[in-house]
There are 2 protein chains.
Amino acid sequence: MRLNAVLYGLGAHEAAWRMPESDPLAVTKLPFWVDVAQRAEAAGFDALFLGDVLTLQAGADRHLSDAMDPIVIMSALAAVTSRIGLIATASTSFDHPFHLARRFACLDHISGGRAGWNIVTSSNALEARNFGLDAMPDHAERYARAADVVDAVVALWDSWDADAKIADQQSGQYLDLSRIRRVDHQGPFVRTAGPLNVPRPPQGRPMLAQAGSSEAGRAFAAARADIVFTVQSDLTAAQAFYRDVKARAVKAGRDPDDLCILPGIVPIAAATKAEAEARLAELNGFAVLDHLIAKGSEFLGVDLSRLDLDAPLPDGLMNGVGNQASQSRVEVLVGIAQREDLTVRQLLARLASGRGHLLAVGTGAEIADLKEEWLDSKAADGFNVMCPVLPGDLQRFACHVMPILHQRGLTVS
Amino acid sequence: MRLNAVLYGLGAHEAAWRMPESDPLAVTKLPFWVDVAQRAEAAGFDALFLGDVLTLQAGADRHLSDAMDPIVIMSALAAVTSRIGLIATASTSFDHPFHLARRFACLDHISGGRAGWNIVTSSNALEARNFGLDAMPDHAERYARAADVVDAVVALWDSWDADAKIADQQSGQYLDLSRIRRVDHQGPFVRTAGPLNVPRPPQGRPMLAQAGSSEAGRAFAAARADIVFTVQSDLTAAQAFYRDVKARAVKAGRDPDDLCILPGIVPIAAATKAEAEARLAELNGFAVLDHLIAKGSEFLGVDLSRLDLDAPLPDGLMNGVGNQASQSRVEVLVGIAQREDLTVRQLLARLASGRGHLLAVGTGAEIADLKEEWLDSKAADGFNVMCPVLPGDLQRFACHVMPILHQRGLTVS
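Predicted model, so just to flag it, every value in this text is computed and none were measured.

(A) Looking closely at the overall build of chain A. Regarding its fold elements, chain A presents 14 helices and 13 strands. A globule of 413 residues ought to have a C-alpha radius of gyration of about 22 Å, and chain A, at 22 Å, matches this closely. Pairs at least 24 residues apart make up 75% of the contacts formed inside chain A by residues separated by at least 6 positions. For chain A, the accessible surface area stands at approximately 14,900 Å², while carbon and sulfur atoms represent 49% of it. Computed over 39 positive and 50 negative side-chain charges, the inter-centroid distance for chain A is 3 Å.

(B) Quick peek at the packing of aromatic side chains. Tallying each qualifying case throughout the model produces 18 aromatic pairs over all chains. Ring centres of B:F32 and B:W33 lie 5.5 Å apart, and the angle between their planes is 75°; this geometry places the pair in the edge-to-face category. Pair check on accessibility: B:F32 and B:W33 agree, each one buried. Centroid distance B:F104 to B:W117: 5.7 Å. Interplanar angle 25°. Geometry classified as stacked. With a gap of 13 residues between them, B:F104 in helix α3 (residues 97-110) and B:W117 in strand β4 (residues 115-120) connect regions that are remote in the sequence. As far as the burial class goes, B:F104 and B:W117 line up, both buried. Feature note: the residues A:F94, A:F131 and B:F98 constitute an aromatic cluster, connected by ring pairs.

(C) Molecular detail of the pairing of strand β11 (residues 260-270) of chain B. All names here are of chain B. Most of β11 sits inside the fold, with eleven of its eleven residues counted as buried. Neither face of β11 is exposed, since C260, L262, G264, V266, I268 and A270 on one face and I261, P263, I265, P267 and A269 on the opposite face are all buried. Alignment of strand β10 (residues 227-230) against β11, held across four bridges, turns out to be parallel. Each bridged residue has a counterpart across the sheet, and for F229 the counterpart in β11 is L262. For the handedness criterion, the β-α-β arrangement of β10, helix α7 (residues 235-251) and β11 is classed as right-handed. Bridge count for β11 against strand β12 (residues 358-363) is six bridges, and the pairing is parallel. The partner of V266 across the bridge, within β12, is L359.

(D) Fine view of the packing of helix α3 (residues 97-110) of chain A against helix α2 (residues 70-78) of chain B. One can describe the packing of α3(A) onto α2(B) by two numbers: an axis separation of 9 Å at closest approach and a directional angle of 35°. Between α3(A) and α2(B) lies a crossing whose hand is right-handed. Every residue of α2(B) that contacts α3(A) at A:R102, A:R103, A:C106, A:L107 and A:I110 is listed here: B:P70, B:I71, B:V72, B:I73 and B:A76. Each residue belonging to the contact of α3(A) with α2(B) can be placed in one class, and the counts come to eight nonpolar, no polar and two charged.

(E) Spotlight on the pattern of salt bridges. Scanning the entire structure with this criterion turns up 60 salt bridges over all chains. The salt bridge involving A:E14 is made with A:K295; its shortest N-O contact spans 2.9 Å. Pair noted here: A:E14 is in the loop between β1 (2-6) and α1 (30-43) and A:K295 is in helix α9 (residues 289-300), with a separation of 281 residues, a long-range link. Using a relative accessible area of 16% as the deciding quantity, one classes A:E14 as buried. Here B:D161 and B:R181 are joined by a salt bridge, their closest N and O atoms 2.8 Å apart.

(F) Main features of the UniProt feature "domain: Luciferase-like" (unreviewed entry) in chain A. In this numbering, the UniProt entry assigns the feature "domain: Luciferase-like" (unreviewed entry) to residues 29-284 of chain A. As annotated, residues 29-284 of chain A has a helix share of 39% and a strand share of 18%, and its two end C-alpha atoms lie 26 Å apart.

(G) Region of interest: the interface of chain A and chain B. Counting residues at the interface gives 72 residues for chain A and 72 residues for chain B. Of the roughly 6,000 Å² buried where chain A meets chain B, counting both sides, 58% is carbon and sulfur surface. At the junction of chain A and chain B, the tally comes to ten salt bridges. Across the salt bridge formed by A:R103 and B:D69, the nearest N and O atoms sit 3.5 Å from each other. If you list the elements that add at least two residues to the side of chain A that touches chain B, you get α2 (70-78), α3, α4 (125-130), β5 (165-168), β6 (173-175) and β8 (191-192) of chain A. Considering every element that reaches the side of chain A that touches chain B, the biggest residue donor is α3(A), with eight residues.

(H) Structural view of the relation of the copies chain A and chain B. Mapping chain A onto chain B calls for a screw motion: a turn of 180° about the axis and a shift of 0.0 Å along it, with 0.0 Å RMSD after fitting. Within this description, the copies of the chain are treated as partners about a two-fold rotation axis. Minimal C-alpha separation from the rotation axis in chain A is found for A:A76, amounting to 1.9 Å. A symmetric contact is evident, with 100% of the interface residues of chain A recurring at the interface of chain B.

(I) Representation of the side chain of A:D176 within the structure. Residue and element names in this part refer to chain A. Position of D176 relative to the elements: it lies in the loop between β6 and β7 (185-186). On the accessibility criterion, D176 (13% relative accessible area) is buried. Among the polar contacts listed, one links the side chain of D176 to the side chain of S178, at a separation of 2.6 Å. At 2.9 Å, the side chain of D176 forms a polar contact with the side chain of R179.

(J) Highlighting the side chain of B:S93. Residue and element names in this part refer to chain B. Summarising the element assignment, S93 is placed in the loop between β3 (85-91) and α3. Within the structure, S93 has its side chain in polar contact with the backbone oxygen of T121 (distance 2.5 Å). Ignoring any residue separated from it by four or fewer positions in sequence, one finds S93 in contact with T121, M136, R142 and R145.

(K) Expanded view of the environment of A:L56. Relative to the helices and strands, A:L56 is located in the loop between β2 (47-50) and α2. Placed ten residues apart in sequence, A:L56 and A:D66 show a C-alpha to C-alpha distance of 8.0 Å. Ignoring any residue separated from it by four or fewer positions in sequence, one finds A:L56 in contact with A:S65, A:L126, B:W160, B:L175, B:I180, B:P195, B:L196 and B:N197.

(L) Structural view of unusual backbone geometry. Residue B:P195 is reached from B:G194 by a cis peptide bond, and omega for that bond is 0°. Within the secondary structure layout, B:P195 lies in the loop between β8 (191-192) and β9 (207-210). Residue B:P391 follows B:L390 across a cis peptide bond; omega there is 0°. Among the structural elements, B:P391 can be located in the loop between β13 (382-385) and α13 (392-400). Of note, the phi angle at A:D341 is positive, near 55°, even though the residue is not glycine.

Conventions and cut-offs
- Sequence positions are assigned chain by chain, starting from 1 and proceeding in written order.
- Labels follow written order: the first chain is A, the first ligand is 1, and so on.
- It should be noted that, the model being predicted, local features are given only for residues of pLDDT at least 70 and side-chain atom pairs only at 80 or more, the latter also being counted only at that level, while totals for whole chains, interfaces and linings use all residues.
- Calculation of side-chain values draws on the structure's entire complement of heavy atoms; hydrogens and water are dropped beforehand.
- Strands here mean DSSP runs of E at least two residues long; helices mean DSSP runs of H or I at least four residues long; both are numbered from the N terminus.
- For the radius of gyration, the atoms used are the C-alpha atoms, and the globule rule reads 2.2 Å times the number of residues raised to 0.38.
- It only takes one pair of heavy atoms within 4.5 Å for two residues to be counted as in contact.
- For every accessible area listed, the method is Shrake-Rupley and the probe measures 1.4 Å; residues are considered covered only by the protein chains on display.
- Only four residue types enter the tally: Lys and Arg on the positive side, Asp and Glu on the negative side, with His and both chain ends excluded.
- Lysine's charge is taken at NZ, arginine's at CZ, aspartate's at CG and glutamate's at CD.
- Ring geometry is summarised as follows: Phe, Tyr and Trp rings, the Trp one being its six-membered ring, pair when their centres sit within 6.5 Å, and such pairs are stacked at plane angles under 30 degrees, edge-to-face over 60 and tilted between the two.
- With a 1.4 Å probe rolled over the protein chains alone, any residue whose accessible area is under 20% of its type maximum counts as buried; one over 50% counts as exposed, and the rest are partly exposed.
- At least two DSSP bridges between two strands are needed for those strands to be called paired.
- For a crossover, the right-handed case is the one in which the path from the first strand over the helix to the second runs clockwise, viewed with the strands pointing away from the viewer.
- Geometry is summarised by axes, namely lines fitted to C-alpha atoms with helices restricted to the contacting stretch, and by angles between N-to-C directions that run from 0 to 180 degrees.
- Two helices that cross are described as forming a left-handed crossing if the nearer one is turned anticlockwise from the farther one by less than a right angle, and a right-handed crossing if clockwise.
- The classification used treats Ala, Val, Leu, Ile, Met, Phe, Trp, Tyr, Cys and Pro as nonpolar, Asp, Glu, Lys and Arg as charged, and all other residues, Gly among them, as polar.
- By definition, a salt bridge exists where a carboxyl oxygen of Asp or Glu is found within 4 Å of a side-chain nitrogen of Lys or Arg.
- UniProt positions are given in the numbering used here, feature names are shortened, and annotations may be inferred rather than shown by experiment.
- By buried area we mean the combined loss of accessible area, with a 1.4 Å probe, across both parts when two parts are placed together.
- When the copies are superposed, the least-squares fit takes in the C-alpha atoms of residues with a pLDDT of at least 70 in both.
- Polar contact criterion, stated in full: a pair of N or O atoms within 3.5 Å, where within protein one must be able to donate a hydrogen and the other to accept it, and residues adjacent in sequence count only if both atoms are side-chain atoms.

Encoded structure:
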């Protein structure tokens, strides 16, 4: 069971920054990140994961909105960790493959082979305007560019054989140029001559992660990714996604075991189920209702402020809303509301605690059972663990859940 | 006297990697960088400086040619140092100001206000081809773009007031949007809407460094840079450069003391002058003559292999060679050869030991005297210290030179 620890600001819960245990000024400073990373490493997580968005988002005045550059944070964390993977998000839409290939190669070098690149295409019009565009290219074009950029990046990593750096002090020969090749990548979107200007990274090719759920996203992930992130909160739907992506990988000529599917999970672990539920209630109590209504309205693309908060979502409300980039997330949330018969107010609380990801509230054994069930049911190869508050809920997870996973032989370390 | 420690691979001397004390495989790994950085910090240097080039260069098979990404290295070093400045090179020709502004802001945040950006425009055709161009734009256009990019970066840093992040846990207000502004930079080369997605960096504006010596380069530095790097090996020429750039700063409406001029210096310090000279001879003995002839020919733009190595450079040899980007460096080297009446072989040794930068070989007191003379003569505000071998010659500098500079009250710490 592969487990990534998601570094989501001060935690994945909307109210994380308002909790008395949190210091919202810490999130731009290094000690906070070092503390979380070292706790995750000590607990036995396989990797740290840091998402990204290239703009201040709507509602930034009400939500934790500092978006630290993932490559800066992960490079710093490489210096204070020794074993855990470092997966940093970078967009293919606004950067050149030479920069991307080199940065991830260098992160891989300084971390001794622990770098991963979470490939995103960016979908927000505000991001486009920060990079001089009037709007984002459409979904298909963004994915076509992503494929072109990733091909160029991989070609640059491959431009050095692993043994090209000789560094023979006696003869004075530094490189064997016969083991280094130009790339001359001439794609529809990007060109690069190469070779790269750093030796082949220790992993050869740093790990590739991706999270698209659309048709194009699944095809991309199946062909290129080592790790696929996904939003799933229903076992049956997760199994269908898992089957579909693995089948696509086989069609693309890959061993399906080389592709690791990781749904997000929001764990709230405690000694008893009642304590865990009390913790969730405490967290939800710190979320500001007006902020959630605004965020939920934006997220779902409908005005929730006009609805009765204590009634279910009206039938047909969601018809035709949502765009291609967010469609799968909207479907997940509406599915949760219907399956669990939630009122609008309850749905908003669910949105606050992990935005539609699988919510696991209970004892260590209960959370471990849920994870094991998803693994055994072929719904997941592991999880992207999104702790509601960092480092508090990470520590709870380490204390209550990790020992049970270790006992059951479900983790590597 | 401001002192930067230049992280130049395994050292500024051509033969650094061939020295028995060096491990050429260490340069892609973190412990080497951490060791050098911590020694420089302990010795009292003001900042670390890391240059960059975005291609594997000609002759890469014979010279240390791993070019680690400066932002990756400096982010890692932020985690293992506490006081020393971190100056990373990044080109304005191949990156977008939103990325640049954000990365240096984040480096400034995680280092507690220690980030500096060394602004380069890139001049190598191989770099252009790595980024999909057939050739570099001409010198004037590169500088025009650099000005545009730097203006946009500074505007993005300025898009947040220092007190815009409120993070009031009680009220739930995270940002005061009235203290955050859009940028809407629409320059001739780059556009960005802004604002930035991270709070204003601790320094407000991270330090800007620049090294242009051409007319456009001097004008750019005088208007925008906090630190100017320069290649000088003659006191009179250095004084003229110093006067010129300071006068330009005044004309640009700046206090000339706000701009710090740092020539490069290659120090070889020992207990006696004879020992220092023996160290230089030892270093030069490890340089491969054929490699130096090839490198010198490329550097000067003339074929040195046809010349008598034990005769002076022929008169008029250099007329009309060199391009705009390298002109000042060629002039410095030819000036050294003429002033010191060097043979071609001796000039090649000089090229090997710091490529035309001021070479200071002697006791701690002698090197301190030289530095103090340059300061008192208004030829420098400090130095970019380019140790021939890292960490060996940095440690010698720390032992022999630093205590004397401290005694004389010439350093801050």
